[in-house]
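Below, each chain spelled out in residue letters.
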Amino acid sequence: MPLIEEPRPVTLTYTPEQIERLFTRTDGSYAFARWGRPIAPIVFGVEDATLITVKSAVEAVATLAGHQMAETDPELGANLMVFFFRDWTELLAVPDLDRMIPDLATLVGKLSNAQASQYRAFRFDDQGAIQAAFVFLCMDRDLVKIPAETLALTQAVQTIVLWGDQAFAETSPLAVLPDTGATILRPEIAGVIAAAYDRMMPPSADDASHALRLFARLQAPAGSGDAKPE
């Protein structure tokens, strides 16, 4: 598995404005959410070895966040569904998927025409927390070149919280160690995830002041304990 380093203070690498941009959408709105229930993943379209890799990546990121995993979700059975396929139209044959993804046929047409390689959709509970997530990976020529461990960790990171739609457009959440060539989760991103799951933080937020609260937790010395309510 790719490595996940322990979060560390990131005073010199992330400013409040940079954290805010991680959760700002292209329309300028701020939108954050974390999981409000244990994550119960299921993976379609891969061999057992890749299935284990994906679930291990999700578990590693959930452990970093201090969040629980589960074998099943009492309401949905599985609440994190990851689909691997070769052509977007394959999704139209998945039983009941159109009940979970509104206007599935229209969405498939748009993604196919755009030659998209991946898409993520979320559902939220009445507190705005993540209730379910759907990950679609169309394994084109570029995506198949990515090692399974790297691809799995990337998707685990991008579904552990609701990020802004351009959060990783320029910089990947992962990095490669020059000495060993190992792929790791960037420490500053690990820190943001851990801070987002602090028990004093809300499950969702639509005000940019939330980024300041994340920043404050990132500056706290390691092992300093719970942050005070704000």
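If you're wondering where the values come from, they're calculated on a predicted model, not measured in any experiment.

Criteria and cut-off values
- Residues numbered from 1 in each chain as written.
- Predicted model: local features only at pLDDT ≥ 70, side-chain atom pairs only at ≥ 80, totals over all residues.
- Heavy atoms only, no water.
- Helix = DSSP H or I, 4+ residues; strand = E, 2+ residues; numbered from the N terminus.
- Buried < 20%, exposed > 50% of the residue type's maximum accessible area, 1.4 Å probe, protein only.
- Contact = heavy atoms within 4.5 Å.
- Pairing = 2+ DSSP bridges.
- Right-handed = clockwise from strand over helix to strand, strands pointing away.
- Polar contact = N/O pair within 3.5 Å; in protein donor to acceptor, adjacent residues only side chain to side chain.
- Patch = residues over 30% accessible without salt bridge, like charges linked within 9 Å, V, L, I, M, F, W, Y side chains within 5 Å.
- Areas by Shrake-Rupley, 256 points an atom, 1.4 Å probe, with all protein chains shown as cover.
- Salt bridge = Lys/Arg side-chain N within 4 Å of Asp/Glu carboxyl O.
- Lys, Arg positive; Asp, Glu negative; His and termini not counted.
- Charge placed at Lys NZ, Arg CZ, Asp CG, Glu CD.
- Axes fitted to C-alpha atoms, helices over the stretch in contact; angles between N-to-C directions.
- Arc of directions from axis to C-beta.
- Core = buried A, V, L, I, M, F, W, Y, C linked by side-chain atoms within 4.5 Å.
- Expected span 1.5 Å × (residues − 1).

*Asks:* Describe the overall build of the chain, naming the residues involved and giving the relevant values.
*Replies:* From N to C terminus, the chain includes 7 helices and 9 strands. In the chain, buried positions account for 44% of the 230 residues. Put simply, of all contacts in the chain between residues at least 6 apart along the chain, 69% involve residues at least 24 apart.

*Asks:* I'd like a rundown of the pairing of strand S4 (residues 80-85), residues and numbers included.
*Replies:* Put simply, side chains in a regular strand alternate between the two faces of the sheet. Most of S4 is tucked away: 6 of the 6 residues are buried. Of the two faces of S4, the one lined by Leu80, Val82 and Phe84 and the one lined by Met81, Phe83 and Phe85 are each fully buried. Here strand S3 (residues 41-44) pairs with S4 via 4 bridges, running parallel. Along S4, the bridge assignment pairs phenylalanine 44 with phenylalanine 83. Each parallel crossover has a hand, and the one from S3 via helix H2 (residues 48-65) to S4 is left-handed. Pairing of S4 with strand S6 (residues 130-138), which is carried by 6 bridges, proceeds in the parallel orientation. Bridge pairing links valine 82 to valine 135 in S6.

*Asks:* How would you sum up the side chain of histidine 210? Please name residues and give values.
*Replies:* Here histidine 210 shows up in helix H7 (residues 209-218). At 2.7 Å, the side chain of histidine 210 and the side chain of tyrosine 30 are in polar contact.

*Asks:* Please set out a negative patch on the surface residue by residue, giving values where relevant.
*Replies:* Taken together, the side chains of Glu17, Glu20, Asp206 and Asp207 define an acidic patch exposed on the protein surface. Note that glutamate 17 resides in helix H1 (residues 16-22). Glutamate 17 sits in the partly exposed class, given a relative accessible area of 48%.

*Asks:* Any chance you could break down the sheet that holds S4 for me, citing the residues and the numbers?
*Replies:* Spatially, S3-S4-S6-S5 is the arrangement adopted by the 4 strands of the open sheet, whose pairing is mixed. Across the chains shown, the open sheet's two edge strands, defined by having one partner strand only, are S3 and strand S5 (118-124). Averaged over neighbouring strand pairs, the angle between their axes works out to 10° when direction is ignored.

*Asks:* Can you break down unusual backbone geometry residue by residue, with the values?
*Replies:* One non-glycine residue, aspartate 96, lies in the positive phi region at around 65°. Residue placement: aspartate 96 occurs in the loop between S4 and helix H3 (97-100). Even without glycine at this site, glutamine 115 takes up a positive phi of about 55°. The residue glutamine 115 is located in the loop between helix H4 (104-113) and S5 in this model. Glutamine 115 sits in the exposed class, given a relative accessible area of 71%.

*Asks:* Explain H7 to me, and be specific about the residues and the numbers.
*Replies:* Owing to its 3.6 residues per turn, the α-helix aligns residues three or four sequence positions apart on the same side. Those residues of H7 that fall on the buried side of the exposure criterion are His210, Ala211, Leu214, Arg217 and Leu218. Looking straight down H7, one finds that the buried residues subtend no more than 120° of arc, so they occupy a single side. Summarising the contacts, the buried residues of H7 are in contact with H1, strand S2 (32-33), helix H6 (187-196) and strand S9 (204-205).

*Asks:* Can you lay out the nonpolar core for me, pointing to particular residues and giving the numbers?
*Replies:* Of all hydrophobic cores here, the largest spans 52 residues; its most connected members are Leu22, Phe23, Ile160, Trp163, Ile189, Ile193 and Leu214. Those elements that place two or more of their residues in this core are H1, S2, H2, S4, S6, helix H5 (148-160), H6 and H7. Setting aside anything within four residues of it in sequence, one finds leucine 22 in contact with Tyr14, Trp163, Gly164, Ala167, Phe168, Ile189 and Val192. In this structure, Phe83, Leu97, Leu107 and Phe136 belong to the second largest nonpolar core, which totals 17 residues.

*Asks:* Give me H2: which residues, what numbers.
*Replies:* An ideal rise of 1.5 Å per residue puts 26 Å on 18 residues; H2 measures up with 26 Å between its terminal C-alpha atoms. Of the residues making up H2, those classed as buried are Thr53, Val54, Ala57, Val58, Val61, Ala62, Leu64 and Ala65. The buried side chains of H2 occupy one side of the element, clustering within an arc of 165° when seen end-on. Turned more than 90 degrees away from the buried face of H2, the exposed residues are Asp48, Ala49, Ile52 and Thr63.

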